[in-house]
Amino acid sequence: MSDSIIQIKNVNKWFGDFQVLKDINLEVQQKQKIVVCGPSGSGKSTLIRCINRLEEHQEGNIVVDGNELTEDTKDIEKIRAEVGMVFQQFNLFPHLSILDNCTLAPIWVKKMPKKDAEELAMKQLKQVQIDDQANKFPGQLSGGQQQRCAIARALCMQPKIMLFDEPTSALDPEMIKEVLDAMVNLANAGMTMIVVTHEMGFAKEVADEVIFMDEGMIVEKNNTKDFFANPKSDRTKLFLSQIL
Amino acid sequence: MNKLNFLKPDRQNLNTYLYMGSFLFFISLFDVFLTSFFKINITSFLPSTLSFLLPLIFGVIGLHLIRIEFSGIKKLDLINKNINTNNFNAFLTLFIIFAIIKSIPPILSWFIIDANIAGDTKEACTGSGACWTYIKIWLRRFIYGMYPNDLQWRINISFILLIALAFVGYFATERLKKFLTLYYVVIYPIIAFILIYYLISGGSFGLMWVETGAWGGLSLTFIVSFFCLIFCFPLGMFLALGRRSTLPTLRYVSVGFIEFWRGVPLITVLFMSSVMFPMFLPEDFFMDKLVRVIIAISLFEAAYVAEVIRGGLQALPRGQYDAAKSLGMGYWKLHILVILPQALKLVIPGIANTFLALVKDTPLIFVVGLLELVGMLNLAKTNPKWLGFAMEGYVFAAIIFWIICYAMSRYSQNLELKYKTER
């Protein structure tokens, strides 16, 4: 397939003796939205952290945008610059203002002129509706605002792919919606997205495909409608009955 | 009028208790004041033990009587809450107040009333207090060491220039602000070195050469501290990063370096720098004693700075590394832009601690024959014409060091406030 932007083939990964990923195969097309779900400890986060090599896989191949991730990938930073990531704990830089959080990487990694970077950052912050907070520090913002800022920060690098690692799990219920709204807007704008989440409503609304993982394996991979309407495996049925 | 209960003062007879209590309390203070300041014992008719303890007894009873809960008088409540919660605390409070009153007269008389400052010889000091004449006469030596008197303007000019240049940051325009870090980290030390090399050391431009052995006193304290601080900080930073590196060679070298320097006493390091180090050098290679000392202290303190900074690095959550990496930052960008600014802010108190210790360690350079402030004091106190004034000298040194260190401490607190952003 020519337009698959991520190819994961037979990936295995161990933490010590414990195998976290077992023979993972996955292809992601351009503009595709994939939701990964599953019980905690099933390897979902590890999987998407492998895609920008925050974790190293020990066996198999991962190809992102035509570049294979290997140990001697010298320009891993270039790949990472094209893959945005949003974390469960926001991980904003507390010593920088919201605006500086967003402009830091464009200025220093992409060598963008400061003025352009600030313009871009303000545009992205406006998209997630926190442009009025631009000069505050992360500690002064609510969790939902921080997570939206984290999304804007990732988008400022103009990535081709966005990875979301349980973006709403650390938020109060009423703040979840504002973050999900921002993500839905992003999906509608045509971004390639891989989202690890327990928000099944979000999955139903935007996902093209849903992947269910358990014990390091992909148990079920199905288009969204079938995944919820008639799941194939019993494990998926059990999971869905508990979560919905 | 309600019945008075002396065991449990209450609000009903508030004023009665208040007057009696304060009367007893002030009587006790007055008694201590009279005995310590005027040597008058108004209770001398009593047995000596009782007379000695009487103010304490009166005071405790007095404080007991004014210990009225919710008295409605704000200041009284404040006192009761903070220094008079129970009889034991009342006793401690009194004890501290008495100790302060008792210590004022001897301190005052030694420092000022019975002290001498007039005259220029030992014989001028006739009082029983301090002989500040000694400090006055030797002040030049304490500040400039053995530096020739008629050349001391060179030190003065250098220091005035350096202090003036240190304040450049306040006057920088918005456009020049981004160069400030570069200025303070690189340019300023170079200017300082050039000034010290050409102006204080001399030897060119028609200035007489003054060998470093003649430098000394407070100016040498400043020179040594300044350069050691400047060198040990970046070195310590690299060592801290090295110790956390994933490259085994770098890590082991850093660990080895840190553990070696932390394990040896500074005094032996200084001794080796002057005695053993030249043995390993080629015959014609010459490195000044002062330079060797500065290098030795810098390496020594860098090991401590490294561990302090490592503590800050470890305190940062892993998410900060993840986030910076996911934005495409490499090792150096990640550390310079994200990790170090946060880690260094966390370790300001620790760094200040190390730097204060460094300044106070500088007197140890006497082992290589360099005499800074304390070294000059030791020299002066053994001068046959001025024997017996060690006390004045050490008090003087203590005051000077305290001023320097307190200023540094205040500065570090200001830095902490300045960079306080989160939470």
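Residues numbered from 1 in each chain as written. Chains lettered and ligands numbered in written order. Predicted model: local features only at pLDDT ≥ 70, side-chain atom pairs only at ≥ 80, totals over all residues. Heavy atoms only, no water.

Topic: the overall build of chain B
Point 1. Looking only at helices and strands, chain B has 17 helices and one strand in total.
Point 2. Its C-alpha atoms give chain B a radius of gyration of 30 Å, clearly above 22 Å, the size a compact globule of 423 residues would have.
Point 3. Across its three principal axes, chain B shows a C-alpha extent of roughly 95 × 70 × 45 Å.
Point 4. Put simply, 66% of the contacts in chain B that link residues at least 6 apart link residues at least 24 apart.
Point 5. Element-wise, carbon and sulfur atoms account for 71% of the exposed surface of chain B, whose accessible area totals about 24000 Å².
Point 6. Charged side chains in chain B number 35 positive and 22 negative. The centres of these two groups are separated by 9 Å. (Helix = DSSP H or I, 4+ residues; strand = E, 2+ residues; numbered from the N terminus. Rg over C-alpha atoms; globule rule 2.2 N^0.38 Å. Contact = heavy atoms within 4.5 Å. Areas by Shrake-Rupley, 256 points an atom, 1.4 Å probe, with all protein chains shown as cover. Lys, Arg positive; Asp, Glu negative; His and termini not counted. Charge placed at Lys NZ, Arg CZ, Asp CG, Glu CD.)

Things to note about the domain arrangement of chain B
Point 1. In terms of domains, chain B is made up of domain 1 (14-113) and domain 2 (132-147 + 210-418).
Point 2. Centre-to-centre separation of domain 1 of chain B and domain 2 of chain B, based on C-alpha positions: 46 Å. (Domains from an automatic or database assignment.)

So, the packing of helix H9 (residues 217-243) of chain B against helix H12 (residues 289-315) of chain B
Residues and elements named next belong to chain B.
Point 1. At their nearest, the axes of H9 and H12 sit 5 Å apart, and the two run at 45° to each other. By the angle between their axes, H9 is oblique relative to H12. H12 is crossed by H9, and the crossing has right-handed handedness.
Point 2. Class assignment for the residues of the contact of H9 with H12 results in 21 nonpolar, two polar and four charged. (Axes fitted to C-alpha atoms, helices over the stretch in contact; angles between N-to-C directions. Parallel < 35°, antiparallel > 145°, perpendicular 65-115°, else oblique. Left-handed = near helix turned anticlockwise from the far one by under 90°. Nonpolar A, V, L, I, M, F, W, Y, C, P; charged D, E, K, R; others polar.)

Here we look at helix H8 (residues 180-201) of chain B
Residue and element names in this part refer to chain B.
Point 1. In H8, a bend of some 40° at Ile-187 exceeds every other bend along the element, and Pro-189, a proline, comes one to four places later.
Point 2. Burial in H8 covers these residues: Leu-180, Tyr-183, Tyr-188, Pro-189, Ala-192, Leu-195, Ile-196, Leu-199, Ile-200 and Ser-201.
Point 3. In this structure, the buried residues of H8 make contact with helix H6 (152-166), helix H7 (168-171) and H9. (Bend = angle between axes of the 7 residues up to and from the residue. Buried < 20%, exposed > 50% of the residue type's maximum accessible area, 1.4 Å probe, protein only.)

Brief notes about the packing of aromatic side chains
To describe a pair of aromatic rings, one takes the distance between the centres and the angle between the planes.
Point 1. The final tally for this structure, using the stated rule, is 21 aromatic pairs over all chains.
Point 2. Between Phe-212 of chain A and Phe-239 of chain A the ring centres are 4.8 Å apart and the planes differ by 45°, which places this aromatic pair in the tilted class. Of this pair, Phe-212 of chain A sits in strand E9 (residues 209-214) while Phe-239 of chain A sits in helix H9 (residues 234-243), and the two are 27 residues apart along the sequence.
Point 3. Between Tyr-188 of chain B and Phe-226 of chain B, the aromatic rings sit 5.9 Å apart at their centres with planes inclined by 75°, giving edge-to-face as the arrangement. Of this pair, Tyr-188 of chain B sits in helix H8 while Phe-226 of chain B is found in helix H9, placing the two residues 38 residues apart along the sequence.
Point 4. Look at Tyr-188 of chain B and you get buried, because its relative accessible area is 9%.
Point 5. A residue is classified by how much of its surface remains accessible, and Phe-226 of chain B, at 24% relative accessible area, is partly exposed.
Point 6. The rings of Tyr-188, Phe-226, Phe-227 and Phe-231 of chain B are connected pair by pair, giving a single aromatic cluster.
Point 7. Here the guanidinium or amino end of Lys-204 of chain A rests over the ring plane of Phe-228 of chain A, the centre of that ring lying 5.1 Å away.
Point 8. Of note, Arg-251 of chain B hangs over the ring of Tyr-252 of chain B, and the distance from its end group to the ring centre comes to 5.4 Å. (Phe/Tyr/Trp six-rings, centres within 6.5 Å; stacked < 30°, edge-to-face > 60°. Lys NZ or Arg CZ within 6 Å of the ring centre and 35° of its normal.)

Points about the interface of chain A and chain B
Point 1. With 25 residues of chain A at the contact, the number on the chain B side is 21 residues.
Point 2. Summed over both partners, the interface of chain A with chain B buries about 2000 Å², with 64% contributed by carbon and sulfur atoms.
Point 3. If you look at where chain A meets chain B, you find two salt bridges.
Point 4. The salt bridge involving Arg-318 of chain B is made with Glu-55 of chain A; its shortest N-O contact spans 3.5 Å.
Point 5. Summed over the shared surface of chain A and chain B, the number is seven residue pairs in polar contact (both at pLDDT 80 or more).
Point 6. Mapped onto the side of chain A that touches chain B, the elements with two or more residues apiece are helix H2 (76-82), strand E6 (83-86), helix H3 (98-108) and helix H5 (143-155) of chain A.
Point 7. Partitioning the side of chain A that touches chain B into residue classes produces 15 nonpolar, four polar and six charged. (Buried area = accessible area lost by both parts, 1.4 Å probe. Salt bridge = Lys/Arg side-chain N within 4 Å of Asp/Glu carboxyl O. Polar contact = N/O pair within 3.5 Å; in protein donor to acceptor, adjacent residues only side chain to side chain.)

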